[in-house]
Amino acid sequence: MKYTWEKFLEEESAKPYFKELQSFVKNQRAKEEVYPPEEVVFSAFKLTPFEKVKVVILGQDPYHGEGQAHGLAFSVKKGTKVPPSLANIYKELSSDLRLPIPSHGNLEEWAKSGVLLLNTVLTVRKGEPGSHQGKGWETFTDRVIEVLSEKKENLVFILWGLPSQKKASKVNPERHHLILSPHPSPLSSYRGFFGSCPFSKTNQYLKSSGIEPVNWIIS
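Here is what the cut-offs are and how they apply
Residues numbered from 1 in each chain as written. Predicted model: local features only at pLDDT ≥ 70, side-chain atom pairs only at ≥ 80, totals over all residues. Heavy atoms only, no water. Helix = DSSP H or I, 4+ residues; strand = E, 2+ residues; numbered from the N terminus. Polar contact = N/O pair within 3.5 Å; in protein donor to acceptor, adjacent residues only side chain to side chain. Axes fitted to C-alpha atoms, helices over the stretch in contact; angles between N-to-C directions. Parallel < 35°, antiparallel > 145°, perpendicular 65-115°, else oblique. Left-handed = near helix turned anticlockwise from the far one by under 90°. Contact = heavy atoms within 4.5 Å. Nonpolar A, V, L, I, M, F, W, Y, C, P; charged D, E, K, R; others polar. Salt bridge = Lys/Arg side-chain N within 4 Å of Asp/Glu carboxyl O. Buried < 20%, exposed > 50% of the residue type's maximum accessible area, 1.4 Å probe, protein only. Pairing = 2+ DSSP bridges. Core = buried A, V, L, I, M, F, W, Y, C linked by side-chain atoms within 4.5 Å. Phe/Tyr/Trp six-rings, centres within 6.5 Å; stacked < 30°, edge-to-face > 60°. Lys NZ or Arg CZ within 6 Å of the ring centre and 35° of its normal.

Caption draft 1: Region of interest: the side chain of H132. Tracing the backbone through its elements, the reader meets H132 in the loop between β4 (124-125) and α6 (137-151). A polar contact is formed between the side chain of H132 and the side chain of T123, at a distance of 2.7 Å.

Structure (structure tokens):
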């Protein structure tokens, strides 16, 4: 029987750490504004089924501004201003693949093309970046990476920034390809992000592995 994210979530939700995590988030939502909305926390898994995953792009925690986070790392809904980190990603995309810079920040097309857009932490308090770190999400996303590494072959893991790069130890480098570079955020020292060519490097690896490359065009 094929493995699915539904099976994974069922397994994790039975574990004590996950029950404690969900209790924490529920209590936070009762008294604070928490992003993203509850119904879209696991959107990345719904839009990129387990069998379709080719690439994992790992962010840190969700956007902490109103109306931004919607369950996909770095993505915002259409009509929302493109955040600075994503603007830098788009600049690198344009430079790397000679593509036009998209007019909006919704990355669902990437997700549906096999790019799992995952943050290391999946919730955050309004206006407080990092506010839900150390509560169990890191354990959950460690397991995501481990399961992908164990059960699939020839994935590309794009790890931007130090928190994401800590996950590299969960990936079997003999079965998968790692691309590590600075985080695209203007708030961090992103020297080295521009010119890192993650998109072309990803497609070169996929093609060399006999896998259809990702269509990185955002329409």
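After that view of the structure, there is still more to cover.
Caption draft 2: Representation of the packing of helix α1 (residues 5-13) against α6. Where α1 meets α6, the closest approach of the two axes is 12 Å, and the angle between their N-to-C directions is 135°. Accordingly, the angle class assigned to the pair α1 and α6 is oblique. Along this stretch, α1 crosses α6, giving a crossing that reads as right-handed. Contacts between α1 and α6 involve W5, F8, L9 and E12 on the former and, on the latter, F140, R143, V144, V147 and L148. Across the contact of α1 with α6, the residue classes break down as 7 nonpolar, no polar and 2 charged.

Caption draft 3: Spatial organisation of the pattern of salt bridges. Under the definition given, this model contains 9 salt bridges. Between E12 and K15 there is a salt bridge, and its shortest N-O distance comes to 2.8 Å. Relative accessible area serves as the criterion here: at 0%, E12 is assigned to the buried category. A relative accessible area of 30% means that K15 is categorised as partly exposed. The closest approach of N and O atoms between K167 and D142, which form a salt bridge, is 2.6 Å. In this pair, K167 sits in the loop between α7 (162-165) and β6 (177-181) while D142 sits in helix α6, placing the two residues 25 residues apart along the sequence. The exposure class of K167 is buried, given its relative accessible area of 4%.

Caption draft 4: Looking closely at the sheet that holds β6. The sheet built from 4 strands is open, its strands ordered β3-β2-β5-β6 with parallel pairing. Only two strands of the sheet have a single neighbouring strand rather than two, namely β3 (115-119) and β6. Geometrically, the sheet is characterised by an average inter-axis angle of 15° between neighbouring strands, direction not taken into account. Two strands pair when backbone bridges link them, and strand β2 (residues 55-59) and β3 are joined in this way by 5 bridges, in the parallel orientation. In the sheet register, G59 faces β3, and the bridge partner there is N119.

Caption draft 5: Structural view of the nonpolar core. If you look at the biggest cluster of nonpolar residues, it comprises 62 residues, and the most contacted ones within it are I57, W110, L116, F140, L148 and W216. When residues of this core are assigned to their parent elements, the largest contribution, 6 residues, is made by α6. If we skip the residues at most four places from it in the chain, W110 touches I57, I89, L93, V115, L117, F199, N215, W216 and I218.

Caption draft 6: Local environment of unusual backbone geometry. With omega at -10°, the peptide bond leading from Y35 into P36 counts as cis. Within the fold, P36 resides in the loop between β1 (34-35) and α3 (43-47). Positive phi is not limited to glycine here, since F74 has a value of about 70°. Structurally, F74 is set in the loop between β2 and α4 (84-97).

Caption draft 7: Representation of the packing of aromatic side chains. Using the criterion set out here, one finds 18 aromatic pairs in the structure. When the centroid spacing of 6.2 Å and the interplanar angle of 45° are considered together, the rings of F42 and F45 count as tilted. With respect to burial, F42 and F45 carry one shared label: buried. Their ring planes at 85° and their centres at 5.4 Å tell us that W160 and F193 sit as a pair that is edge-to-face. Taken together, the positions of W160 in strand β5 (residues 156-160) and F193 in the loop between β6 and α8 (198-208) put the pair 33 residues apart, joining distant regions of the chain. Accessibility classification places W160 together with F193 in one group, the buried group. Within the aromatic cluster, the residues linked to one another by ring pairs are Y3, W5, F8, Y17, F18, F42, F45, F50, W137 and F140. Over the ring of Y3 we find K151; its NZ or CZ atom is 4.7 Å from the centre of that ring. Stacked on the ring of F50, the Lys or Arg K152 has its end atom at 5.3 Å from the ring centre.

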